[in-house]
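Structural overview
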Amino acid sequence: MLDFLARLFRSQPRLAPEAVQSAFRDHYRSFRALITANNNALELMSATEDMLRSGRPFGMAFVRGEMTALTVNVYKMVRSLIALSDGRYQELDERFKKITDQIEAILSRQPEAAGSAQILDLTVIDRRVVDQVGAKMANLGEIRNHVGLLVPDGFAITAAAARHFMESTRIQDEINRRLKTLDVADLESLYLVSTAIQELIAAAPLPADLDTLLHEHYGHLAERCGGAPAVSLRSSALGEDSQHGSFAGQYRTRLNVAAEAIVEAYKEIVASKYQSQAIVYRQQRGYRHQDVFMGVGCLVMVDAVCSGVAYSHAPEDERSPWLVIHAAHGLGNQVVDGSSAYDLLHILRESPHTVAVAHLADPAAPCLSEDQARELARQALLIEAHFGTPQDIEWALDRQGRLVILQARPIGAPSKEASPPRLQAARSLVEGQTPLLAGGVTASRGVGAGAVHKVTCALDVLNFPRDAVLAVETPYPEWAVLLDRAAAVVSESGQAATHLATVAREFGVPALFDLPGALKQLENGQTVTVDATARRIYDGRVEPLLEAARHRPNLMEGSPIHNLLQEALTLITPLHLTEPDSPFFKPVSCRTLHDITRFCHEKALTEMFNFGHRYGAKDKSAKQLYVVGMPAQWWVINLEDGFRPDTDLTTPFIRIEDIVSEPMLAIWRGMTAVPWQGPPPVSMKGLGSIIAQSAMNPQLDPAVRSRMAGRNYFLLSRHYCNLSVRLGYHFALAEASFSELLTESYVNFQFQGGAADERRRRRRVQILGDLLREIDFRVEIKGDALSARIEKRPVPYLKERLVVLGYLLIHTRQVDMVMDEEGYIGRYLDRIHADIARIRQEMNEGDQT
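Residues numbered from 1 in each chain as written. Predicted model: local features only at pLDDT ≥ 70, side-chain atom pairs only at ≥ 80, totals over all residues. Heavy atoms only, no water.

1. Points about the packing of aromatic side chains
- Evaluated as defined, the whole model comprises 12 aromatic pairs.
- Centroid distance F31 to Y720: 6.4 Å. Interplanar angle 75 degrees. Geometry classified as edge-to-face. Of this pair, F31 sits in helix α2 (residues 17–54) while Y720 sits in strand β24 (residues 720–727), placing them 689 residues apart in sequence.
- Ring pairing ties together the aromatic residues Y89, F585 and F599, which thus form one cluster.
- Directly above the ring of Y720 sits R32, whose terminal nitrogen or CZ lies 4.4 Å from the centroid. (Phe/Tyr/Trp six-rings, centres within 6.5 Å; stacked < 30°, edge-to-face > 60°. Helix = DSSP H or I, 4+ residues; strand = E, 2+ residues; numbered from the N terminus. Lys NZ or Arg CZ within 6 Å of the ring centre and 35° of its normal.)

Spelled out as structure tokens, the structure:
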């Protein structure tokens, strides 16, 4: 209390008029710098939250850039307030540093490869070591050691080994340097950087201890096999084959590797972390490069008669009773890269697993007998039951007739269409339209349209335009580098089990495969609509289909980068300081950057309001606006050129005719456009709500004197206005800047409070938010608090919205008390809409005259 009284009666020594003017200019300069930084900070917070919710891919470059810009602007606010207050609020520096240090600790957090073992034998691998060997090898160990099914013998070279290799080479800094400036959208640069990094890794020597361990474990494997076996080396990166991302086909696999080539093959797999399609995939799925440690599986090659992929559940139909098997003679890589003919079998999930042949490449030589297909179905369901989710399983049948499981990963959620009924209705509208092509296999559901771009070589890839339809002969995994920019995919061969199909489903890109002759029938540059679900390709854009098509999924949600930004935002966007009269409205209570901006903004207004009193300058003091018929008192502070030059500044009053601030006059026009008729009639229930709220919060009791009572004031210049309003139990803040530069033109609005209970207050701000959205404000609502903004629009456009905003400021007060009376709400909205329509019509007519 003593501190408050000291501040209340504190004043500066009397200064000469020139010194007062100089001090005011300094204060105004600091105030404008603070307001500019505040607007920048709020825009950055909003943009970052929008990006987090949007599902659009972003990387750490975006996060770092936004955080740097945000902290710079908040720091400017802190320093500007300290300058405005003649050195007070120094403790804000400490709060700012503490919060930004916490944010930096989150963003700088580095993943650690668990464990120290560099190689683990398959006999000791299961899900408990997934953070050492990656999900692919962990799942394989789980199937071998806990499900009891046959898998190839082998071992895993752990993520710790890859980390040891990269640290020993000391090339990681050079890799990071090249990646830092990489623009993934520039495909030529992407390929050049990717190739250079892979060559760096391939040329680096393996640490002697890892080289020795690798050959020792291969020797033990050879002893168990009774000779030196050919092996496959397969990526098993941390994050691969997980619920968040399959990484299907993004890394390299080497088959039939001899003993003397193991080291070279291992380095090649590690280097494939930086393949072009893997770099793009990580960006689209929200992984930092350092989030991925490359584990590698070394497995004995299976002498396969046939192999393929089994889905324990149909990947694009959660309700299907069928299990789906793709099979091809020889090695299974022919199935996943779509390069060979295949058998397609549908098998009932329920015993006795009836087999329905959907397609045979050679009816005289099927890959699997019915008994073998049933046994594969039984094993697939065992794996699904063990992991608790539908599985995408790679398998092989060896020459002894044994089924060998090579890989298992979650299928992932099927691609979903936004509105199947709408799409069905849209398809009925185009039934009479003859498609260019029909048939094929739905690899990924959905509808997309764009210009056809055929890709048959590397040059075609480099020239691929955004939002084009990718047309290929074979759906190789390396085409995944283009999925982030493709509207749809069409392939002459392939099926739903290919790696490209898996990634297309993840990315939500419609894909239609197995359309022989498609490249001949489609012309480069020809605009087509691909309805992958209905297996049709139409000439031109079919708008009914496109309007009903599904939206792309949120690929970022749950990713490492998404989670980092989400955690950082807990120290940025929540607002805890909402009541300036609260005893807790002080620097030490600032828990987020938003709290700091709120505190700085409020105190900056107070400092400008009190300048005239502190310096004994009447012309710089707040003037009471002389008006009749308006609720409450209104005060005006002229920051620069907001009054007429001949205005008498020696009196404590100001007339509206003496004000030339364009934003303020627009607000005032709206406030006075329709006379306020007083508060709405309150029911006993509404009155009880008011009494209850006042009892719970003494600051809402009109009998308790608040320093904010009647504190409604404008800070203004000719092209700027900041209005702080306290009408009854409501607090509002409106700020506007007019400029010929669109980047400097904006309107901000904040609203909070009310006398009714929280439910009614929330309903009131929802209605207010809807009204503001109707006039193009961007609105955000949290609880009973509303914030709205328009920026980068011409002055006449903003002026019209300000007039409406001024009207709403007056005519939405106290309606929270009747927010449970449906009849009144309807009549109230009808009146509001009628008033706004009339006000806007009068403005337009005035502009025309």
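Picking up after the structure, the text goes on.
2. Brief notes about a nonpolar patch on the surface
- A grouping of Y626, V628 and F653 is seen on the molecular surface, where their side chains present a nonpolar patch of about 380 Å² in accessible area.
- Tracing the chain through its elements places V628 in the loop between β20 (623–626) and β21 (635–638).
- A residue is classified by how much of its surface remains accessible, and V628, at 72% relative accessible area, is exposed. (Patch = residues over 30% accessible without salt bridge, like charges linked within 9 Å, V, L, I, M, F, W, Y side chains within 5 Å. Areas by Shrake-Rupley, 256 points an atom, 1.4 Å probe, with all protein chains shown as cover. Salt bridge = Lys/Arg side-chain N within 4 Å of Asp/Glu carboxyl O. Buried < 20%, exposed > 50% of the residue type's maximum accessible area, 1.4 Å probe, protein only.)

3. Some thoughts on the packing of helix α9 (residues 208–225) against helix α10 (residues 262–271)
- At their nearest, the axes of α9 and α10 sit 11 Å apart, and the two run at 115 degrees to each other. With respect to α10, the axis of α9 lies roughly perpendicular. Note that α9 runs across α10; the crossing there is right-handed. Residues L210, D211, L214, H215 and Y218 of α9 form the contact with α10, whose own contacting residues are I262, V263 and Y266.
- Here the contact of α9 with α10 is composed, by residue class, of 6 nonpolar, 1 polar and 1 charged. (Axes fitted to C-alpha atoms, helices over the stretch in contact; angles between N-to-C directions. Parallel < 35°, antiparallel > 145°, perpendicular 65-115°, else oblique. Left-handed = near helix turned anticlockwise from the far one by under 90°. Contact = heavy atoms within 4.5 Å. Nonpolar A, V, L, I, M, F, W, Y, C, P; charged D, E, K, R; others polar.)

4. Regarding the pattern of salt bridges
- Taken as a whole, this structure holds 39 salt bridges when the rule is applied.
- Residue D153 pairs with R224 through a salt bridge whose shortest N-O separation is 2.8 Å. With D153 in the loop between α5 (130–147) and β2 (154–157) and R224 in helix α9, this residue pair connects regions lying 71 residues apart in the sequence.
- Ionic pairing is found between R288 and D291, a salt bridge with its closest N-O pair at 3.0 Å. Taken individually, R288 and D291 each receive the classification buried, so the pair is uniform in this respect.
- Each of E43, R778, R789 and E791 takes part in salt bridges that share partners, so that together they form one network.

5. Section: the nonpolar core
- With 70 residues, the main nonpolar core has I201 and Y266 as its most contacted residues.
- Of the residues forming this core, the biggest block, 7 residues, is contributed by α10.
- If you count residues domain by domain, this core takes at least three from each of domain 2 (119–300) and domain 4 (419–550).
- In this structure, Y266 is in contact with I157, A161, A162, F165, L206, L210, L214, L233 and V296, ignoring residues within four places of it in sequence.
- By size, the runner-up hydrophobic cluster in this structure holds 58 residues, among which are L34, A37, I99 and I106. (Core = buried A, V, L, I, M, F, W, Y, C linked by side-chain atoms within 4.5 Å. Domains from an automatic or database assignment.)

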